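A closer look at the structure
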Amino acid sequence: MKKESIIMGIDPGSNVMGYGVIKCVGNKAEMVAMGVIDMRKENDPYLKLGHIYARVTGIIDEYLPDEIAIEAPFFGKNVQSMLKLGRAQGVAIAAAIQHSVPIHEYLPTKIKMAITGTGGASKEQVAGMLQRILKISSDDMPKFMDATDALGAAYCHFMQITSPAGFSSKQYKSWKDFATKNKERLSPNPSLTTTLGRGEITKTHNKGQE
């Protein structure tokens with residue numbers, strides 16, 4: 001019998017935090033849910049942190065992940081933004097620790113490399129590739145790409161544990177090079193191709209549901 005596990009991915013944010021959940025059976029994975037924690041209407045920074053903790057706790061309780069993959073904060077010039085992002089990530093990690101769920105941190109470039117073959121891929125490229133790899137319908141694709149970024153963190157960890165040697169050493173010159181060398185991973189169904197943009201959405205996207 002193939003081992004089944006649940007991996008949850010988190011894309012930290014102080015205003016919008018993305019999450020994604022995948023189910024893994026052997027060397028295959030499928031999307032279970034993805035969405036965002038929207039805190040844009042909350043002005044108090046400490047209440048935002050409380051909301052992050054409560055929502056991440058609720059998502060963990062609902063999907064019972066075996067492991068959590070979280071994107072590492074990028075280093076920018078704005079110190080205040082970095083501080084807010086670091087706090088948000090720390091609170092999400094605290095929620096996972098409270099549930100005794102193992103945590104794995106990945107740099108954004110490593111996640112992009114794992115999914116698209118290039119560390120400089122755009123959010124749109126990451127979302128598009130995940131849609132094809134996981135065979136997600138256009139109706140289930142969110143408008144906030146924080147959700148697909150989180151799903152990417154989860155899928156990156158799935159690749160790490162299923163093929164760690166190839167994951168760390170296999171390199172591609174471009175997204176096209178990746179697609180050419182991994183045709184078996186891509187769905188030929190043209191209906192899965194979508195143009196993604198930013199918009200307002202707060203609901204969870206469960207596979208097979210509205």
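Look a little higher up for the structure.
Residues numbered from 1 in each chain as written. Predicted model: local features only at pLDDT ≥ 70, side-chain atom pairs only at ≥ 80, totals over all residues. Heavy atoms only, no water.

**Topic: the pattern of salt bridges**
What counts, and what does not: Any carboxyl oxygen of Asp or Glu that lies within 4 Å of a side-chain nitrogen of Lys or Arg is treated as forming a salt bridge with it. Throughout, exposure labels follow a simple rule: accessible area from a 1.4 Å probe, protein chains only, divided by the maximum for the residue type, with under 20% read as buried, over 50% as exposed, and the rest as partly exposed. The numbering of helices and of strands both runs from the N terminus, where a helix is a DSSP run of H or I of at least 4 residues and a strand a run of E of at least 2.
All chains considered together, the criterion is met by 2 salt bridges. Across the pair Asp38 and Arg40 runs a salt bridge whose closest N-O atoms are separated by 2.7 Å. Its relative accessible area of 22% is what places Asp38 among the partly exposed residues. A salt bridge links Lys123 to Asp149; the nearest nitrogen and oxygen atoms lie 2.2 Å apart. Of the two residues, Lys123 is situated in helix α4 (residues 123-133) and Asp149 in helix α5 (residues 145-162); the sequence distance between them amounts to 26 residues. Asp149 gets classed as buried once you look at its relative accessible area, which sits at 9%.

**Some thoughts on the side chain of Thr148**
Note the threshold: By definition, residues are in contact when any of their heavy atoms lie within 4.5 Å.
Checked against the element boundaries, Thr148 lands in helix α5. Using a relative accessible area of 1% as the deciding quantity, one classes Thr148 as buried. Not counting residues up to four positions away in its chain, the partners in contact with Thr148 are Met34, Ala127, Leu130, Met141 and Pro142.

**Looking at the packing of aromatic side chains**
Where we set the bar: Working definition: a ring pair exists when centres of Phe, Tyr or Trp rings (six-membered ring for Trp) sit within 6.5 Å. Plane angles under 30 degrees give stacked, over 60 give edge-to-face, the rest tilted.
Under the criterion given, the structure shown has 1 aromatic pair. When the centroid spacing of 5.4 Å and the interplanar angle of 45 degrees are considered together, the rings of Tyr155 and Phe158 count as tilted. With Tyr155 and Phe158 both in helix α5, this residue pair falls 3 residues apart, about one helical turn. Like Tyr155, the residue Phe158 is buried in the burial classification.

**Describing helix α3 (residues 108-116)**
For the record, the criterion: By definition, the arc is the one covered by directions from the helix axis to the C-beta atoms.
Residues Pro108, Ile111, Ala114, Ile115 and Thr116 constitute the buried set of α3. End-on view of α3: buried residues confined to an arc of 165 degrees, all on one side of the axis.

**As for the nonpolar core**
The cut-off we apply is this: The criterion is simple. A nonpolar core is a set of buried Ala, Val, Leu, Ile, Met, Phe, Trp, Tyr and Cys residues joined through side-chain atoms within 4.5 Å.
With 30 residues, the main nonpolar core has Ile22, Ile115, Leu134, Leu151 and Tyr155 as its most contacted residues. Counting residues per element, the ones that place at least two in this core are β2 (16-25), β3 (28-38), α3, α4 and α5. When residues in this core are grouped by element, the largest group, 8 residues, is from α5.

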